[in-house]
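Geometric and topological summary
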Amino acid sequence: MYEAVQYCKHCGAGLALEDLRQPNCKFCKTVFPHHAQAAQHAQVASQMMGQMMQQQAAAQDQWRGAFGVGPMPPGPYQMGMAQMGATQAKAMSGLVIAVVVISLLVVVVMIGAVALFFVSV
Ligand SMILES: [Zn+2]
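Note that the structure is predicted; figures quoted are calculated from it, not measured. Throughout, a residue's number is its position along its own chain's written sequence, starting from 1. Residue-level local features of this predicted model are given only where pLDDT is at least 70; pairs of side-chain atoms are given and counted only at 80 or more, and the full residue set underlies all totals for whole chains, interfaces and linings.

1. Concerning the overall build of the protein
Definition in use: Helix and strand definitions here come from DSSP, where helices need a minimum of 4 consecutive H or I residues and strands a minimum of 2 consecutive E residues; each element is numbered from the N-terminal end. Once C-beta atoms are placed from the backbone, each residue is buried if 20 or more other C-beta atoms lie within 10 Å of its own, exposed if 12 or fewer, and partly exposed for counts between those two. Contact between two residues is assigned when their C-beta atoms, built from the backbone, lie within 7 Å.
Along the protein, the regular secondary structure elements total three helices and two strands. N-terminal to C-terminal, the α/β element order of the protein is β-β-α-α-α. Going through the 121 residues of the protein one by one, you find that 2% of them count as buried. Look at the contacts in the protein between residues 6 or more apart in sequence, and 13% of them connect residues 24 or more apart.

2. Some words on helix α2 (residues 33–66)
The condition that has to hold: Expected helix span is computed as 1.5 Å times (number of residues minus one).
Between its terminal C-alpha atoms α2 stretches 49 Å, which fits the 50 Å expected from 34 residues at 1.5 Å a residue. Burial of α2 is sparse: only zero of the 34 residues sit out of reach of the surface. Taken from the residues just after α2, G68 is the one with a positive phi, measuring 75 degrees.

3. As for the confidence of the model for the protein
The line we're drawing: Confidence of the prediction at every residue is given by pLDDT, a number between 0 and 100.
Overall, the predicted model of the protein reaches an average pLDDT of 83, with 88% of residues at or above 70. Model confidence for the protein, summarised as mean pLDDT per element, is weakest for helix α3 (residues 81–120) at 83 and strongest for strand β2 (residues 14–15) at 92.

4. Section: unusual backbone geometry
The backbone of K29 sits at a positive phi, close to 65 degrees, despite the residue not being glycine. Tracing the backbone through its elements, the reader meets K29 in the loop between α1 (17–20) and α2. Given 11 C-beta atoms within a 10 Å radius, K29 is considered exposed.

Dropping the structure here:
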């Protein structure tokens, strides 16, 4: 049974649901607007993802610079997502170690200051 649920905006042919699953009209081959929109959305989404990842990498480089750690190795965007995650995990563990070492140093300095205070009193 052929039931038109939509009409092609280009040639006016009646289109069934299964025809609408195709990317373009089976009569005139015009790309359906909803497919064109979906492709556009995917492009915009991937652009935004790329921008976000670049901003994140820049922020991470700033943090690493503040901690005296070298910048990220060049070309993390060319890596696959799994490798990217592993690199980030490594960077995170390095940051955690740096924070632990710094807080230990602060504790040692504070203990020394307290000891000096008691000695001078
Ligand atoms: Zn058509």
